[in-house]
Amino acid sequence: MNIKKYFLGFAVAVVSLSACSDDDSFDPYAQAPEPPVPNVVPEPPTIKPKAMWIDAHANFSRLSTKAGIDAELKKIKDYGMNMIYLDVKPGNGYALYKSDILPYCNTFGTETVTRDYDDYLGYFLEKCEELEIDVVASIVATGFGHHSGDVKQGYVYDHWDQWGNKCQVRSDSSEPGKTVSIADDPDQPIVMLTPRSPEVQSLVLNIVDELVTRYPKLKGISLDYLRYCNNDGGWYGMGDIDLNGYAEYWSESKPKPLEIVTETGGIGPKYAKWIEYRSATVRSLLSGIRSTVKMINPDCEIHLWASAQWSSRYAIGQNWASNKYKPTGGQYTDTYNQTGFADLLDVFVTGAYAEKVWKSEDPSTEWTVENFVTTWNKYIMDDCKCYGSIAAYALDEQKNSDATYLCLRNTDGYMTFELSHVNSRNLWNSTQEGINRYENPGSYEEEELY
């Protein structure tokens, strides 16, 4: 090898490389720089249902005119919401839609209104279609009477001879063994009929049939109060209809109330079987509702609202979990899981009605919005969708914004309860802020919240 030519060639190469750069520190052996990463804007989150619950009684006068309805729907739309839950069969058992079964509701308690339209639900559907707002019609499924002070009003009172003996009944803590009808219980504003009664079942199914048939533009039907009533002094469902139902369900003799709840309010020997029987009864009625709805309109969704605290639901016969979820505890039989009804729903609306929002506010309690909207699938096990719902009456502006954001981040949708509270507490801006925090990530300093 000609060493002189080798070094000369090497020197020329180095000089040439140096000449290509203005940087005196150029390193000919350095790795080439990585190409720049394209500035990719992340896809925005999926637009989820964002709903306002509209209670019939609380907004009775406000929504008695077209102008009143128009104004509220405009706010709902303008502040970022795209769905309403409209209470169309409230607890008094009257109808806010055209019904051949139930009387039209122009009086609620001591309040009477004159409307400038013929059909409450019909007008809402018309305006919501213009605004691209989905409508889910809510019914108080087993509620058929309004009881407040001296006022006893509603469908069950209008037809007492037919329905009075089908009211739910509880044991009396002051006189164990004695029973009290819900129609005579001053602590219960809604007179609930027992879901075990075949006549009650037929009434509920006929109402659902009528609603879905007459209003094909409904997004869904939401079921409220599909359960037994609860009272601190005793358990509802102690009437003959349910005691005989228990005997039939378990192929046993008719139980005595004191075999279920003892004289001291403790758990009796038949308590666990009683808990399963009532939950199975509610599941059976829900199954009938689902079949009725889907036969008429397969696209009409079945929604159900219940408290997010699943561990307390056994007390009212409302096992909203998957039937794959097997709980443990003395109040449950080995077959209690079979009463779970999540598979019968399209949407479970979990009531995260807590005053505390973040778990860090009180790590010792499960009663926080954050806890409830992050633990629901432990019970649902992917059987249906879940929307997180919050109590506007319990939240200030910051908590309302946080809770709204948490529902959208951790569940399939969001609902706030309800219109009158959002109005009275002026929570519109904070509701919109909570929605924007989810739908426009990066606009808010979320790390400050943890």
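Scroll up to find the structure this text is about.
These notes cover the structure that comes with them. (Residues numbered from 1 in each chain as written. Predicted model: local features only at pLDDT ≥ 70, side-chain atom pairs only at ≥ 80, totals over all residues. Heavy atoms only, no water.)

Next up on the list: the pairing of strand 17 (residues 413–417). Of all five residues making up strand 17, four are buried, and the element is well covered by its neighbours. As paired strands, strand 1 (residues 50–54) and strand 17 are joined by three bridges and run parallel to one another. Bridge pairing links Met52 to Thr416 in strand 17. Judged from the five bridges that link them, strand 16 (residues 385–391) and strand 17 form a sheet pairing that is parallel. Paired with Ala391 across the strands is Phe417, a residue of strand 17. Between strand 16 and its parallel partner strand 17, the chain crosses via helix 12 (residues 397–410), and the hand of that crossover is right-handed. (Buried < 20%, exposed > 50% of the residue type's maximum accessible area, 1.4 Å probe, protein only. Helix = DSSP H or I, 4+ residues; strand = E, 2+ residues; numbered from the N terminus. Pairing = 2+ DSSP bridges. Right-handed = clockwise from strand over helix to strand, strands pointing away.)

Below, the discussion takes up the layout of surface pockets. Empty space within the largest pocket amounts to approximately 1100 Å³. Lining the largest pocket are 40 residues, and of these Ile190, Asp224, Tyr225, Arg227 and Trp305 sit closest to its centre. Taken together, the residues that form the lining of the largest pocket break down as 18 nonpolar, 15 polar and seven charged. (1 Å grid on protein atoms, 1.4 Å probe; cavity = no way out; pocket = protein on both sides within 12 Å on 5 of 7 lines; lining within 4 Å. Points joined across faces, edges and corners; volume = space filled by probe spheres on them. Nonpolar A, V, L, I, M, F, W, Y, C, P; charged D, E, K, R; others polar.)

Below, the discussion takes up the environment of Tyr117. Residue position: Tyr117 is located in the loop between strand 4 (111–112) and helix 3 (120–131). For the pair Tyr117 and Lys66, spaced 51 residues apart in the sequence, the C-alpha separation amounts to 6.9 Å. Leave out the neighbours within four places in its chain, and Tyr117 touches Leu63, Ser64, Thr65, Lys66, Ile69 and Tyr104. Among the polar contacts listed, one links the side chain of Tyr117 to the backbone oxygen of Leu63, at a separation of 2.6 Å. A distance of 2.9 Å separates polar atoms of two side chains, one belonging to Tyr117 and the other to Arg115. (Contact = heavy atoms within 4.5 Å. Polar contact = N/O pair within 3.5 Å; in protein donor to acceptor, adjacent residues only side chain to side chain.)

Looking now at the environment of Pro216. Here Pro216 lies in the loop between helix 6 (198–214) and strand 11 (220–224). On the accessibility criterion, Pro216 (55% relative accessible area) is exposed. With 84 residues separating them in the primary sequence, Pro216 and Cys300 have C-alpha atoms 8.2 Å apart.

Looking now at helix 12. With 14 residues, helix 12 extends 20 Å from end C-alpha to end C-alpha; this agrees with the ideal 20 Å at 1.5 Å per step. Where helix 12 is buried, its residues contact strand 1, helix 10 (369–375), strand 16, strand 17 and helix 14 (428–439). Backbone nitrogen of Gln398 and a side-chain oxygen of the N-cap are separated by 3.2 Å at the start of helix 12; the cap is Asp396. (Expected span 1.5 Å × (residues − 1).)

Within a sheet, neighbouring strands are paired by backbone hydrogen bonds and run either parallel or antiparallel to one another. As summarised here, the arrangement of the three strands in space is 7-6-10, forming an open sheet in which the pairing is antiparallel. For this open sheet the edge positions go to strand 7 (151–153) and strand 10 (190–192), each flanked by a neighbour on one side alone. Strand-to-strand twist of the sheet, defined as the mean angle between neighbouring strand axes without regard to direction, takes the value 25 degrees. In this sheet, strand 10 lies alongside strand 6 (residues 143–148) in antiparallel orientation, the contact comprising two bridges. Within strand 10, the position partnered with Gly143 by the bridge is Met192. (Axes fitted to C-alpha atoms, helices over the stretch in contact; angles between N-to-C directions.)

Once that is clear, we can look at the pairing of strand 15 (residues 347–351). Along strand 15, five of the five residues are buried, which leaves the element largely enclosed by surrounding structure. In strand 15, alternate side chains face the same way, and those of Val347, Val349 and Gly351 on one face and Phe348 and Thr350 on the other are all buried. In this structure, strand 14 (residues 301–307) lies alongside strand 15, joined through five bridges in parallel fashion. Bridging across to strand 15, Ala306 finds its partner in Thr350. Bridge count for strand 15 against strand 16 is five bridges, and the pairing is parallel. Within strand 16, the position partnered with Val347 by the bridge is Lys385.

Within the structure shown, the criterion is met by 30 aromatic pairs. With a centroid separation of 6.0 Å and 75 degrees between ring planes, the pair formed by Phe60 and Phe108 is classed as edge-to-face. Pair noted here: Phe60 is in the loop between strand 1 and helix 2 (66–78) and Phe108 is in strand 3 (residues 107–108), with a separation of 48 residues, a long-range link. In this structure, Phe60 and Phe108 share a single accessibility class: buried. Note on Tyr246 and Tyr277: the rings are 6.4 Å apart at their centroids and 75 degrees apart in plane angle, and the pair reads as edge-to-face. Pair noted here: Tyr246 is in helix 7 (residues 240–250) and Tyr277 is in helix 9 (residues 271–296), with a separation of 31 residues, a long-range link. Aromatic ring contacts, followed pair by pair, group Trp310, Tyr314, Trp320, Tyr325, Tyr332, Tyr336, Phe348 and Tyr379 into a single cluster. If you follow Arg115 out to its NZ or CZ, it ends over the ring of Phe60, 5.2 Å from the centre. (Phe/Tyr/Trp six-rings, centres within 6.5 Å; stacked < 30°, edge-to-face > 60°. Lys NZ or Arg CZ within 6 Å of the ring centre and 35° of its normal.)

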